[in-house]
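Here are the chains, one letter per residue:
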Amino acid sequence: KQWYQRRVAITAGGEGSPCPVGTFSGNVGMVAADSCQACTAGFYCSSAGLTAPTGHCDAGYFCSSGASSSQEDLCPAGHYCPEGSASPASCPISTYNSNTGAGSVAACVACPEGKRTTGEGSTSVDDCQDVECSPGFYRDAAGSCHICEKGTFSNVVNAVACRPCPKHQYNSAEGSVQCMKCPDTAFTWGTGTASFADCIGPIIEVCSEEGMNGTCHVYYDDNLWINTTVRSVNVIRGEFDLFEKTNLRARFDTLSEEDGPHNVAELETIGALESFAPVLNDVFCSLDKGWKFHGSVRTQSKSGKACINWRKTPLAHKAEPNHYCQNPDGTNLQAKPFCYISETETEECDIPACVWDMACFTGVGVHYRGSTRTTDHGRNCQNWNRDWPHIHGYHSPKYSWAGVGDHTNCRNPDYEGKPWCYTTNLLHRWEYCAIPRCSRDDFEFYKF
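Residues numbered from 1 in each chain as written. Predicted model: local features only at pLDDT ≥ 70, side-chain atom pairs only at ≥ 80, totals over all residues. Heavy atoms only, no water.

Trainee: Could you give me a rundown of the packing of aromatic side chains, with the residues and numbers involved?
Mentor: Under the counting rule described, the total for this entry stands at 22 aromatic pairs. On the numbers, 5.9 Å between centres and 75° between planes, the contact of tyrosine 394 with tryptophan 420 is edge-to-face. Linking tyrosine 394 in the loop between strand S30 (353–354) and strand S31 (420–422) with tryptophan 420 in strand S31, this pair joins segments that are 26 residues apart in sequence. You'll find tyrosine 394 and tryptophan 420 in the same group, each marked buried. Three or more aromatic residues joined by ring pairs make a cluster, and in this case those are Trp384, Tyr394, Tyr399, Trp401, Tyr415, Trp420, Tyr422, Trp430 and Tyr432. The ring of tryptophan 189 has arginine 298 lying over it, and the distance from NZ or CZ to the ring centre is 3.9 Å. (Phe/Tyr/Trp six-rings, centres within 6.5 Å; stacked < 30°, edge-to-face > 60°. Helix = DSSP H or I, 4+ residues; strand = E, 2+ residues; numbered from the N terminus. Buried < 20%, exposed > 50% of the residue type's maximum accessible area, 1.4 Å probe, protein only. Lys NZ or Arg CZ within 6 Å of the ring centre and 35° of its normal.)

Right, dumping it as structure tokens:
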């Protein structure tokens, strides 16, 4: 009687009845059939009076709660059902299964190359559609999608290739749909730049405490009004003019990367720092022929050959003793900065030409080195080294510092208003020249 009670539910009348098919129970003393437990999902209970499920559901089938057969429900198409499945498992994305009764994921067939499904549980190869590669990716000839590398981008669906970032832009993240612009004062040597650090331009750091301590900020351009107290400064790359007043006014000092960190109180001229501006001409670009170019930005020639130290060249007595591209003052070997690639061979460097003070003038035009040679009224300019038709005192070499020489280009050796020249007209001694003032809206900084 004890064995029987372990297998049955005890009714209220005292006579035992077995738990129905599809249920089981290991308890004794139950008083109603609905106290029997439905067969666990993934298992089946094939007979009455069970104390545990009969076994696992067969592969290719699934058994919901209360199943009475090992093949209770046939696994549908688009799915697979391993042994003991409580419900069908969907075939993964980019696979399909057109048959019923699949017992493993191996029955899910991969879509043809270059195609994929939009979701799981596909039942036909017709559900496999052409792959759409999102922007930031490209699609190869086989139809597979690949992420765009750093320094490249794609901004259309199904791009056939990722495009390199244009010059003067960069991209430091994979899968990008656009590139970032370098600062206005910076440029890149080529396309496909993958890091902001490869934007070539001025960098300055200022700090609120001496010794480059306290709160520090890094800038890549001018700052006309520093809204915090600056007690130390470090030019990381290039040169900067540091002004005592806002808007680049009053006295100033010039610091370069070679000078290292400085406390403002120890600077030679200024006692405070309230604004600053980078020096671009002849530091990041070459003015005129680059005779005064001294930027430490390039140590290889235009073709990529390494520059040797100028100390090993015939111009060792005129050049700075380093590996950087130069055009030592007083030479006419090249029309722009160059370097020696051997002790006897020279090659031009790809240093950009300056636009400001070449195509336009800054300040009053003292640094203008462009080739405009006509006045505002359309009159031709007289050669600076000649005294006909007008006798004057602005000859080279005395005024070479102002760009005066054996040419007729407009210059400003006397700080008068803007660039000017003596005319070739006997009745008009001198006139201002037809040169626009530089502005960021109208002119880039560099010309390549």
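Trainee: Let's hear about the state of the cysteines: which residues, and what values?
Mentor: Two cysteines joined by a covalent bond between their sulfur atoms form a disulfide. With the rule as written, the count across this model stands at 17 disulfides. The side chain of cysteine 133 participates in a disulfide bridge whose partner is cysteine 145; the two sulfur atoms lie 1.9 Å from each other. When the S-S torsion is -95°, as for the bridge of cysteine 133 with cysteine 145, the disulfide is left-handed. In this pair, cysteine 133 sits in the loop between strand S14 (129–130) and strand S15 (137–139) while cysteine 145 sits in strand S16 (residues 145–147), placing the two residues twelve residues apart along the sequence. A residue is classified by how much of its surface remains accessible, and cysteine 133, at 0% relative accessible area, is buried. By relative accessible area, cysteine 145 is classed as partly exposed at 31%. Disulfide partner of cysteine 360: cysteine 438, at an S-S distance of 1.9 Å. A torsion of 100° about the S-S bond marks the disulfide between cysteine 360 and cysteine 438 as right-handed. With cysteine 360 in the loop between S30 and S31 and cysteine 438 in the loop between strand S32 (430–432) and strand S33 (446–447), this pair connects stretches of sequence that are 78 residues apart. (Disulfide = S-S within 2.5 Å.)

Trainee: Which residues make up the side chain of threonine 313, and what are the values?
Mentor: Position of threonine 313 among the secondary structure elements: in the loop between strand S27 (275–279) and strand S28 (338–340). Contact partners of threonine 313, with chain neighbours within four places excluded, come to Ile308 and Tyr340. (Contact = heavy atoms within 4.5 Å.)

Trainee: Outline the environment of arginine 231, listing residues and values.
Mentor: Looking at the element boundaries, arginine 231 is found in the loop between strand S22 (213–219) and strand S23 (232–237). With a relative accessible area of 39%, arginine 231 lands in the partly exposed category. Remark: the alpha-carbon pair of arginine 231 and asparagine 247, spanning 16 residues in sequence, is separated by 19 Å. Within polar-contact distance, the side chain of arginine 231 engages the backbone oxygen of serine 208 at 3.1 Å. (Polar contact = N/O pair within 3.5 Å; in protein donor to acceptor, adjacent residues only side chain to side chain.)

Trainee: If you had to explain unusual backbone geometry to someone new, which residues and values would you point to?
Mentor: Omega for the peptide link from tryptophan 388 to proline 389 comes to 5°, which places this bond in the cis form. For the bond from serine 396 to proline 397, the omega torsion is 10°, close enough to zero to count as cis. Within the secondary structure, proline 397 sits in the loop between S30 and S31. Positive phi is not limited to glycine here, since aspartate 357 has a value of about 70°. Along the polypeptide, aspartate 357 turns up in the loop between S30 and S31.

Trainee: Can you break down the environment of isoleucine 391 residue by residue, with the values?
Mentor: Mapping isoleucine 391 onto the fold places it in the loop between S30 and S31. Considering only alpha carbons, one finds isoleucine 391 and arginine 429, 38 residues apart in sequence, at a separation of 9.3 Å.

Trainee: Describe in detail the sheet that holds strand S24 (residues 239–245), supporting the description with residues and values.
Mentor: Spatially, the three strands line up as an open sheet ordered S25-S24-S27, and their pairing is antiparallel. Both outer strands of the open sheet, strand S25 (249–256) and S27, are each paired with one neighbouring strand and no more. The average angle at which neighbouring strand axes cross in this sheet is 25°, direction not considered. Where S24 lies against S25, six bridges are found, and the strand directions are antiparallel. Along S25, the bridge assignment pairs leucine 242 with aspartate 253. (Pairing = 2+ DSSP bridges. Axes fitted to C-alpha atoms, helices over the stretch in contact; angles between N-to-C directions.)

Trainee: Let's hear about a negative patch on the surface: which residues, and what values?
Mentor: Among the surface-exposed residues, Glu257, Glu258, Asp259 and Glu320 lie close enough to one another that they form a single negatively charged patch. With respect to the secondary-structure elements, aspartate 259 resides in the loop between S25 and strand S26 (262–263). (Patch = residues over 30% accessible without salt bridge, like charges linked within 9 Å, V, L, I, M, F, W, Y side chains within 5 Å. Areas by Shrake-Rupley, 256 points an atom, 1.4 Å probe, with all protein chains shown as cover. Salt bridge = Lys/Arg side-chain N within 4 Å of Asp/Glu carboxyl O. Lys, Arg positive; Asp, Glu negative; His and termini not counted. Charge placed at Lys NZ, Arg CZ, Asp CG, Glu CD.)

Trainee: Please give an account of the pattern of salt bridges that cites residues and values.
Mentor: Under the counting rule described, the total for this entry stands at nine salt bridges. We note a salt bridge from aspartate 376 to lysine 418, for which the minimum N-O separation is 3.4 Å. Here aspartate 376 is found in the loop between S30 and S31, whereas its partner lysine 418 is found in the loop between S30 and S31, with 42 residues between them in sequence. On the basis of relative accessible area, lysine 418 is assigned to the buried category, the value being 19%. Arginine 379 is the partner of glutamate 431 in a salt bridge, and the nearest nitrogen-oxygen pair spans 2.4 Å. Taken together, the positions of glutamate 431 in strand S32 and arginine 379 in the loop between S30 and S31 put the pair 52 residues apart, joining distant regions of the chain. Taken together, the shared-partner salt bridges connect Asp184, Asp221, Asp222 and Arg440 into one network.

Read these as layout, nothing more, since geometry by itself doesn't imply function.
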